[in-house]
Amino acid sequence: MWSAGPIVKTGSRPELQKEFQEKYGRKLDVPASLEELKDIAQFFQGRDIDGTTVYGAAIYTERGSEGITMGVTNALYNYGFQYENPDKPYDIEGFVNSDGAVDGLEYYKDLYDTATPPGSSNWYMGENIDAYKSGQVALQMNFAFIWPGVEADPNVGGGKSGYFPNPAGPAGQFAQLGGQGISVVAYSEKQEAALEYIKWFAQPDIQARWWELGGYSALRAVVEDPGFASSQPYAQTFLDSMAIVKDFWAEPAYADLLLSMQERIHNYVVAGDGTAKEALDDLVRDWTEVFEDEGKL
């Protein structure tokens, strides 16, 4: 999901609206595609507004854990990247490194190179939030669970921000799923207590209250309530985003798969090493080795 700051959303700066209209031939509005999103980010990049230099967008670039993977897949999916052959599990050649996937990776690098703040080479959720709240960027990429905090912020909240799902690309509209499901650890000595908690927390009235307090619920009794979509400024965007989510590998070896992707993508997008095709070809080799070690190939 994305949020657009006050200088983008409110329309209170007609001179910017006019300039954007003249340059791109359309209103400064919610982007219908990733290319339109990049146009908006580039339009604001390095712009002086009220004596402050504003940059286009805060995107995920963090290397150490999962950040850049969670960010780049928002482009890769929408340009045609697939984890594997739909008809043959673990057959990844030509899918992970397809022509569309290469285009999506090039898109993300171009967005990073031309529309992000200087020094944002290792940013994730926290850094994006700080840059957005301080007015350093016009747009931010971030997970849905941060929007209650944005809406409560005196600088960008209270209706000043707009929220929209990850825009479409040439191959469709998808968004990277974030977060972790709640589970009971198999070797826990308190499994019964944990299960009791989950049963309590999953009750419709508790989940409804959780949403009211700023948490997120995927319980159908909550999100299908007639008043849900209008209950918060970001509620409809949450519904729209949940309808298009895709997830990373659901594999026991996901950590090894993730570390390889972090390295290959960061080296290309941020460090500028090699080409997008080379980065994805290397990733195919890395993942193939992992699956061979796992006995999947």
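Below you will find a few notes about this structure. (Residues numbered from 1 in each chain as written. Predicted model: local features only at pLDDT ≥ 70, side-chain atom pairs only at ≥ 80, totals over all residues. Heavy atoms only, no water.)

Some words on the overall build of the chain
A tally of helices and strands in the chain yields 13 helices and seven strands. At 20 Å, the chain has a C-alpha radius of gyration in line with the 19 Å of a compact globule built from 297 residues. Across its three principal directions, the C-alpha atoms of the chain cover 60 × 50 × 30 Å. Every one of the 297 residues in the chain was classed for burial, and the buried ones make up 47%. Considering only contacts within the chain whose residues lie at least 6 apart along the sequence, 66% involve residues at least 24 apart. For the chain, the computed accessible surface area is about 14,300 Å², with 50% contributed by carbon and sulfur atoms. In the chain, the 22 positive side-chain charges and the 45 negative ones have mean positions that sit 6 Å from each other. (Helix = DSSP H or I, 4+ residues; strand = E, 2+ residues; numbered from the N terminus. Rg over C-alpha atoms; globule rule 2.2 N^0.38 Å. Buried < 20%, exposed > 50% of the residue type's maximum accessible area, 1.4 Å probe, protein only. Contact = heavy atoms within 4.5 Å. Areas by Shrake-Rupley, 256 points an atom, 1.4 Å probe, with all protein chains shown as cover. Lys, Arg positive; Asp, Glu negative; His and termini not counted. Charge placed at Lys NZ, Arg CZ, Asp CG, Glu CD.)

Examining the nonpolar core
By size, the foremost hydrophobic cluster in this structure holds 62 residues, and its most contacted members are Phe44, Leu105, Leu139 and Trp287. Excluding residues within four positions of it along the chain, leucine 139 makes contact with Trp2, Ser3, Ala4, Leu37, Ile40, Ala41, Gly56, Ala57, Ala58, Tyr132 and Phe164. Ile129, Trp147, Val156 and Val223 belong to the second largest nonpolar core, which has 22 residues in total. (Core = buried A, V, L, I, M, F, W, Y, C linked by side-chain atoms within 4.5 Å.)

Let's talk about the packing of helix H5 (residues 99-115) against helix H12 (residues 254-269)
Taken N-terminus to C-terminus, the directions of H5 and H12 make an angle of 50 degrees; their axes are 9 Å apart at the nearest point. Relative to H12, the element H5 lies oblique. At the point where H5 passes H12, the crossing takes the right-handed sense. Contact residues: H5 offers Leu105, Glu106, Tyr108, Lys109, Tyr112 and Asp113, while H12 offers Ile265, Tyr268 and Val269. (Axes fitted to C-alpha atoms, helices over the stretch in contact; angles between N-to-C directions. Parallel < 35°, antiparallel > 145°, perpendicular 65-115°, else oblique. Left-handed = near helix turned anticlockwise from the far one by under 90°.)

Notes on a negative patch on the surface
A contiguous patch of negative charge on the surface is contributed by Asp256, Glu289, Glu292, Asp293 and Glu294. By residue number, the principal contributor to the negative patch is helix H13 (residues 276-293), which donates three residues. On the secondary structure map, aspartate 293 appears in helix H13. The exposure class assigned to aspartate 293 is exposed, which follows from its relative accessible area of 69%. (Patch = residues over 30% accessible without salt bridge, like charges linked within 9 Å, V, L, I, M, F, W, Y side chains within 5 Å. Salt bridge = Lys/Arg side-chain N within 4 Å of Asp/Glu carboxyl O.)

Overview of H5
With 17 residues, H5 extends 24 Å between its outermost C-alpha atoms, agreeing within 8% with the 24 Å of an ideal straight helix rising 1.5 Å per residue. All of the buried residues along H5 are Gly100, Ala101, Val102, Gly104, Leu105, Tyr107, Tyr108, Lys109, Leu111, Tyr112 and Ala115. (Expected span 1.5 Å × (residues − 1).)

Focus: unusual backbone geometry
Leaving glycine out, the prevailing phi sign among residues is negative, and the prevailing peptide bond configuration is trans. Phi at aspartate 50 takes a positive value of approximately 55 degrees, unusual for a residue other than glycine. Of note, aspartate 50 is situated in the loop between strand E2 (47-49) and strand E3 (52-58). Unlike most non-glycine residues, tyrosine 90 shows phi in positive territory, near 70 degrees. If you trace the backbone, tyrosine 90 turns up in the loop between helix H4 (67-79) and H5.

Let's talk about the environment of serine 33
Checked against the element boundaries, serine 33 lands in the loop between helix H2 (14-24) and helix H3 (34-44). A C-alpha to C-alpha distance of 9.6 Å links serine 33 and asparagine 78, two positions 45 residues apart in sequence. Beyond its immediate chain neighbours, meaning those up to four positions away, serine 33 contacts Pro167 and Ala168. Within polar-contact distance, the side chain of serine 33 engages the backbone nitrogen of glutamate 36 at 3.1 Å. (Polar contact = N/O pair within 3.5 Å; in protein donor to acceptor, adjacent residues only side chain to side chain.)

Regarding the pattern of salt bridges
One pass over the structure, following the stated rule, counts 14 salt bridges. Glutamate 35 is the salt-bridge partner of lysine 38, the closest N and O atoms lying 3.9 Å from each other. Separated by three residues within a single helix, lysine 38 and glutamate 35 lie in helix H3, roughly one turn from each other. Given a relative accessible area of 8%, lysine 38 falls into the buried group. Residue glutamate 35 is classed as partly exposed on the basis of its relative accessible area of 38%. In this structure, arginine 209 and glutamate 212 form a salt bridge, with 3.1 Å as the shortest nitrogen-oxygen distance. With a gap of three residues between them, arginine 209 and glutamate 212 both fall in helix H9 (residues 204-212), about one helical turn apart.

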